[in-house]
Amino acid sequence: MAVSQNAAIEEHQAIAERMTGTLDRLKSRGGRGSEVHFWEGMRNYYQRATDAAKAGRSVLCSGMFVPHELFEAMDIPYYIAENHGVMTFQSDIEGGIALFDTAERAGMAADICSPHRAATGLALSGRTLQPKAVVHTTTTCDQTIKLYEVLADIHKVPNFLIDTPYGARPNDMAYAEENVKELIAFLEQQFNTKMDPARLRKALEISHEAYSYWEKICELRQAVPCPTGGREAVKDTTILLVAAGRQESVDYFKARYQELKDKVDKKEGIIPDEKYRLAWLYVLPFFDLKMADWLQDTYGAVIVLDTFGINNPEITLDPEDPIGFLAKKPLKRRFTYWSFAPSKEASAVDDLAQMCRDFKADAAVLLSHWSCQQWCGLTQMLRDKITKDVGIPFLTVNGDLLDPRVVSSEDMRSNLGEFFTSVMGA
Amino acid sequence: MTAADTIASFRQAVADRYQTIASHRRPGQKVLGWMCSYFPEEIVSAAGGYPVRVLGGESTSYSDAYMHINMCSLVRAVFDEALQGKYDFLDGFATLNTCDNIRRTFDVWEYFIKTPFTHILALPHRTTPASIAYFREELGELKEKLGQAWGTPISDDALREAIAQYNHMRRLLQQLDTMRMEGAISGGDFVDVVLAATLLPKDQFITRLQELLTQLEGTSASTGDRYRLILTGSEMDDSNFVRLIEEKDAAVVGDDLCTGSKYYWNLTDEKGDPLLALAKRYLSRPPCPRMHDTEERISHVVEMAKSHRADGVVVEIIRFCKLYDEGNIALNKGLEKAGVPCLTLSREYSLTGVGSMRTRIEAFIEGLVGV
Ligand code: SF4
Ligand code: SF4
């Protein structure tokens, strides 16, 4: 085994052990059920890939919005390069910035999406597991497509792109299904295995149950006061990625749903005094997720809606139709759907404006992630629609998902603070 | 007329493009503006319409209020023209989901400009039997929608006629390409000719191009001892940029640009189902990095460098054009492996920073001396 692979395995093992530590602490303190299940899901995800690599088994490098249930069904351990990049960065910001430098030295432009530069830096430094293949999807953006091509090139392995089309009409989905069938053939060949339909069915049923709970949780976020906040919702979306088709995801969502339902029944919010309901029309900055807590504590402002953490009811996943399920899965989130396919048959701005109404938002905030042309490209339309049609204030906060050098946390917070005092009258 | 006069007339048609379009539009004829060379103009011609490529102007001062500064300056410059009302004459605007920037340009165009007919085609990222069948349906939808909107149902015969005309034009452009390779026409002039093809009515362009080919025939041509270069990269519609490269000891003898050889590289089958033939043609033309097959793009450029006896490749990338940016990592490696020297130039849509660009080009060319 190459030295760099040993280093990657050690690093992954250390992450899994840290997560076990978190889990033990939570359990000993009698932590919330959902939190325990979350960390179980996370730890198991890292441990599976690490164990497989240790045993010399092949692992897969995967994109975020790929139907991971298929890998579960085929017993293929996977890791999601972007997530791994984000998590590594979150645990060591200084070291994370060095990863950017590594990626940029290899020719990646500094304007490329920061999670992608982090993932590339990790791969170039031999800190990710050597995969047997790379699988990715066209959702959410050009940069995501290219990232996984770059990673396949670094690892010198084949890659398969699920060409999720620009729309969700029957003919779009028929094409997406063809792609899924090809993907299955690709995986069977690369991993020298056979897809077991019964196992797939089981994984999809589990996934369906998890998604059903998630949908109900998204609805509960409409309650006044809101029982949960933006930071907590990040966990919902993460578990959907790392434990797709696995029991941990159902355990997590079941517990979380019950916890939130109890709060809603008792009319309890995440904070005692909810003053403002915020529609956060993007993702929270990953390098400062605590910004959500700060908004709650300082202004009584709760993120009731974030596009990353909200499901897309337009897309229904049916385990009775396994190929259809896998084909539609990349569009199941509002975030991927609207990053990717707005104008074909519906309008992103109309839908996002309607969400602001449904979630009874008092203001909308768009984090203008420096590299993200998808979401930044919607800014002016969103501002126009939301201020005129919904009639609530709209703020753009410049920043970056990972790179604090673009706009520091202090500056982002001061931008938000000014908005609350001067526009919202806080 | 000499070849120089004809080339100057093409250059003029491009420079005065709004005037060009207004003066060539037949009374009552619908004009459709398109972006991205994957757009199948043939369908517009078959509807009796006048397809024109939408280009940007010098400024982005209006569009910067509507589009984030992190969008590529090509789309900002295009949208700026639209905001200034310069494209108000269009009866239609259409494009494809080629890249994030074009997609969002379509969104803001539809939202703020209100051109009567708008359409965005879904372009697959892969070329497979399934993707060709899918794209054929997409083309069918455009054909139906356009026919309905303009009250002119588009027949298969009309499509075949348009395909034959475009094939004819593309064959002529291929001849001109060979002449550029031999040095009969400069790379800068060549850009103006191909751009004029996207702005003039096709029949008139073909007539003028035939004249040019006759004028150039038999001219004793050679690139002499100038360094022979291939140009590739983001959308490039500024012949002055190419002239800058050619200023000193260099000739751009070939290109892999969407405003160049990609526009005419391959032909459409004139037999059988015309929509299927178009789907095949567009999905099998030399890919831009937007398409998934990275290897195919690299081998195409490497192959071109060899067949054109090129001394080097220049890659120009518009800032924030992420596709070309990220695609460039593999392209550079591929060229290096093939022993082809390569220069990457980052630029804005409109020609700025000429001084430093010139210095970099000169340094590159000097570096070729020892190769
Ligand atoms: S944040 Fe934007 S640029 Fe980055 S991966 Fe997501 S959609 Fe792409
Ligand atoms: S230059 Fe690049 S980013 Fe701009 S429109 Fe063209 S492909 Fe898209």
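Just so it is clear, the model here is predicted, and its values are computed rather than measured.

**Overview of the overall build of chain B**
Argument step 1. Broken down by element type, chain B carries 14 helices and eight strands.
Argument step 2. Scaling as 2.2 N^0.38, a compact globule of 371 residues should have a C-alpha radius of gyration of about 21 Å, and chain B matches this with 20 Å.
Argument step 3. Based on the C-alpha atoms only, the size of chain B along its principal axes is roughly 60 × 50 × 40 Å.
Argument step 4. Evaluated residue by residue, chain B yields a buried proportion of 63% over its 371 residues.

**What to know about the pairing of strand β7 (residues 363-369) of chain A**
Residue and element names in this part refer to chain A.
Argument step 1. Counting buried positions over the seven residues of β7 gives seven, a clear majority of the element.
Argument step 2. Looking at chain direction, strand β5 (residues 276-280) and β7 are connected through three bridges and run parallel. Counterpart to L278 in the pairing with β7 is A363.

**Some points on the sheet that holds strand β4 (residues 159-162) of chain A**
All names here are of chain A.
Argument step 1. With parallel pairing, four strands are arranged side by side in an open sheet as β2-β1-β3-β4. Every interior strand has two partners, whereas the edge strands, β2 (78-80) and β4, have only one. The average angle at which neighbouring strand axes cross in this sheet is 20°, direction not considered.
Argument step 2. One ladder, built from three bridges, connects strand β1 (residues 60-62) with β2; its direction is parallel. Counterpart to L60 in the pairing with β2 is Y78.
Argument step 3. In this fold helix α7 (residues 142-155) packs onto β1, β2, β3 (133-137) and β4, with an angle of close to 175° to the strand it touches most, β3.

**Details of the environment of B:T207**
Argument step 1. Structurally, B:T207 can be placed in helix α9 (residues 202-216).
Argument step 2. Residues B:T207 and B:M169, 38 residues apart in the sequence, show an inter-C-alpha distance of 9.5 Å.

**Regarding the packing of helix α10 (residues 230-242) of chain A against helix α11 (residues 247-265) of chain A**
Residue and element names in this part refer to chain A.
Argument step 1. For the pair α10 and α11, the least separation of the axes is 10 Å and the interaxial angle reads 155°. Of the possible angle classes, the one that applies to α10 and α11 is roughly antiparallel. Here α10 runs over α11; the crossing is left-handed. Along its contact with α10, which presents E232, A233, K235, D236, I239 and L240, the element α11 presents S249, Y252, F253 and R256.
Argument step 2. Of the residues contributing to the contact of α10 with α11, the split by class is five nonpolar, one polar and four charged.

**A few points about the sheet that holds strand β2 (residues 50-53) of chain B**
Residue and element names in this part refer to chain B.
Argument step 1. The four strands lie next to each other as β2-β1-β3-β4, forming an open sheet whose pairing is parallel. Each end of this open sheet is capped by a strand with a single partner; those strands are β2 and β4 (117-121). Taken over all neighbouring pairs, the strand axes of this sheet differ in orientation by 20° on average, direction set aside.
Argument step 2. Strand direction decides the pairing type here: strand β3 (residues 92-96) and β4, joined by five bridges, are parallel. Opposite L96, over in β4, you have L121 as the bridge partner.
Argument step 3. Strands β1 (31-34), β3 and β4 of the sheet are contacted by helix α6 (residues 129-150), whose axis makes an angle of about 175° with β4.

**Re the packing of aromatic side chains**
Residues and elements named next belong to chain B.
Argument step 1. Within this structure, the stated rule accounts for 35 aromatic pairs over all chains.
Argument step 2. Geometrically, the ring pair formed by Y66 and F112 is edge-to-face, given 4.8 Å between the ring centres and 80° between the ring planes. Placement of the pair is Y66 in the loop between β2 and α4 (73-83) and F112 in helix α5 (residues 100-113), with a sequence separation of 46 residues.
Argument step 3. Three or more aromatic residues link up through ring pairs in this structure, and these residues are Y18, Y66, F79, Y87, F89, F93, F106, W109, Y111 and F112.

**Observations concerning the confidence of the model for chain B**
Argument step 1. Scored by pLDDT, chain B comes out at a mean of 95, with 99% of its residues at no less than 70.
Argument step 2. Under the prediction, the complex receives an ipTM of 0.93, its pTM being 0.95.

**Describing the interface of chain B and chain A**
Argument step 1. Contacts between the two partners involve 47 residues from chain B, matched on the other side by 53 residues from chain A.
Argument step 2. Summing the contributions of chain B and of chain A, the shared interface buries around 4200 Å²; its carbon and sulfur component is 51%.
Argument step 3. The interface formed by chain B and chain A includes five salt bridges.
Argument step 4. The set of elements that each furnish at least two residues to the side of chain B that touches chain A consists of α5, β4, α6 and α13 (322-337) of chain B.

**As for the site of ligand 2**
Residues and elements named next belong to chain B.
Argument step 1. Every residue lining ligand 2 is accounted for by C72, L74, V75, C99, N101, I102, S234 and C321.
Argument step 2. Elements represented by at least two residues in the shell around ligand 2 include exactly α4 and α5.
Argument step 3. Residues of the shell around ligand 2, tallied by class, amount to six nonpolar, two polar and no charged.

What counts, and at which threshold
Residues numbered from 1 in each chain as written. Chains lettered and ligands numbered in written order. Predicted model: local features only at pLDDT ≥ 70, side-chain atom pairs only at ≥ 80, totals over all residues. Heavy atoms only, no water. Helix = DSSP H or I, 4+ residues; strand = E, 2+ residues; numbered from the N terminus. Rg over C-alpha atoms; globule rule 2.2 N^0.38 Å. Buried < 20%, exposed > 50% of the residue type's maximum accessible area, 1.4 Å probe, protein only. Pairing = 2+ DSSP bridges. Axes fitted to C-alpha atoms, helices over the stretch in contact; angles between N-to-C directions. Contact = heavy atoms within 4.5 Å. Parallel < 35°, antiparallel > 145°, perpendicular 65-115°, else oblique. Left-handed = near helix turned anticlockwise from the far one by under 90°. Nonpolar A, V, L, I, M, F, W, Y, C, P; charged D, E, K, R; others polar. Phe/Tyr/Trp six-rings, centres within 6.5 Å; stacked < 30°, edge-to-face > 60°. pLDDT = per-residue confidence, 0-100. Buried area = accessible area lost by both parts, 1.4 Å probe. Salt bridge = Lys/Arg side-chain N within 4 Å of Asp/Glu carboxyl O. Near = heavy atom within 4 Å.

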